[in-house]
Amino acid sequence: MNQSGRDKTILEQLKNGDENALKSLFDAYYSALCLYSVQITESLHQSEDIVQELFINLWEKKLYNNIETGLRLYLFYSVRNQSITFAKKNSKYSDLQDVEEQSYSPIDDEYDEEDLENKYDRLHKSLDKLSAQEYKVLTEIVLNGKKYKEVATDLNISVNTVKTHLGRALKSLRKDDTYILFLTIF
């Protein structure tokens with residue numbers, strides 16, 4: 001089933017009160033939404049809070065009943081708006097235009113073949129710069145959807161070390177301007 005079909009199924013299940021649909025939604029989008037938020041807030045901790053709050057409100061306030069644009073679009077724009085609000089409150093940016101220039105939604109991107117190939121090359125070069133641990137933590141959390149504690153157990157390191165490795169990996173990808181590409185390709 002493609003992403004759009006999966007999202008429609010999850011949305012229908014949410015509207016029927018199925019708590020398992022919320023877990024499916026969380027598993028499918030949590031990491032990507034956190035990484036998207038980080039580009040605006042520059043705080044993994046704050047980004048996690050924003051995304052968790054979105055899922056809580058989505059369920060408790062039954063916000064899924066108001067979704068008309070599509071689930072993916074709704075989630076990314078909700079996270080974007082909350083991240084911008086946080087950034088503005090914390091005076092990270094001088095005005096809304098600065099925030100707009102620093103962020104964009106990965107769901108709006110379209111690439112031609114040559115451009116995509118160049119972006120793949122840039123991404124792979126950025127990933128090659130990561131340490132083995134940073135790369136492993138990044139892929140386990142983002143691509144495989146594992147929790148920090150699971151990764152810590154698998155790698156025999158502390159949860160704080162996992163967070164440190166993830167933060168460094170994201171910072172490196174952000175510096176090379178490839179973290180959004182990482183999200184959209186994978």
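Residues numbered from 1 in each chain as written. Predicted model: local features only at pLDDT ≥ 70, side-chain atom pairs only at ≥ 80, totals over all residues. Heavy atoms only, no water.

Caption draft 1: Summary view of the overall build of the protein chain. Counting secondary structure elements, the protein chain contains 10 helices and zero strands. Counting all 186 residues of the protein chain, 41% fall into the buried class. Within the protein chain, counting contacts between residues at least 6 apart in sequence, those at least 24 apart form 65% of the total. With the model as given, the accessible surface of the protein chain reaches about 10,700 Å², and the carbon-plus-sulfur share is 44%. (Helix = DSSP H or I, 4+ residues; strand = E, 2+ residues; numbered from the N terminus. Buried < 20%, exposed > 50% of the residue type's maximum accessible area, 1.4 Å probe, protein only. Contact = heavy atoms within 4.5 Å. Areas by Shrake-Rupley, 256 points an atom, 1.4 Å probe, with all protein chains shown as cover.)

Caption draft 2: Molecular detail of the pattern of salt bridges. All chains considered together, the criterion is met by six salt bridges. Here E140 makes a salt bridge to K146, at a shortest N to O gap of 2.9 Å. The exposure class assigned to K146 is partly exposed, which follows from its relative accessible area of 27%. Ionic contacts of the salt-bridge type, sharing partners, join the residues K136, E140, K146 and D154 into one network. (Salt bridge = Lys/Arg side-chain N within 4 Å of Asp/Glu carboxyl O.)

Caption draft 3: Fine view of helix 3 (residues 44-60). An ideal rise of 1.5 Å per residue puts 24 Å on 17 residues; helix 3 measures up with 24 Å between its terminal C-alpha atoms. Within helix 3, the full set of buried residues consists of L44, S47, E48, I50, V51, L54, F55, N57 and L58. The secondary structure elements touched by the buried residues of helix 3 are helix 2 (19-41), helix 4 (71-89), helix 8 (148-155) and helix 9 (159-175). Note on helix 3: the residue one or two positions beyond its end, K62, has a positive phi of about 55°. (Expected span 1.5 Å × (residues − 1).)

Caption draft 4: Here's a closer look at helix 2. By the largest-angle criterion, Y29 marks the main kink of helix 2, which is about 45°. The N-capping residue of helix 2, defined by a side-chain oxygen 2.9 Å from the backbone nitrogen of N20, is D18. Of the residues flanking the end of helix 2, it is E42, one or two places downstream, whose phi is positive at about 55°. (Bend = angle between axes of the 7 residues up to and from the residue. Polar contact = N/O pair within 3.5 Å; in protein donor to acceptor, adjacent residues only side chain to side chain.)

Caption draft 5: Seen up close, the side chain of D7. Note on placement: D7 falls in helix 1 (residues 3-15). Of the polar contacts made by the side chain of D7, one reaches the side chain of Y29; its length is 2.6 Å.

Caption draft 6: Region of interest: the nonpolar core. If you look at the biggest cluster of nonpolar residues, it comprises 24 residues, and the most contacted ones within it are L25, L33, F55 and L75. Of the residues forming this core, the biggest block, nine residues, is contributed by helix 2. If sequence neighbours within four positions are ignored, L75 has contacts with L25, Y29, L33, L54 and L58. Membership of the second largest hydrophobic core comes to 18 residues, among which are L127, L130, I141 and L166. (Core = buried A, V, L, I, M, F, W, Y, C linked by side-chain atoms within 4.5 Å.)

All quantities given are derived from atomic positions and should not be read as evidence of function.
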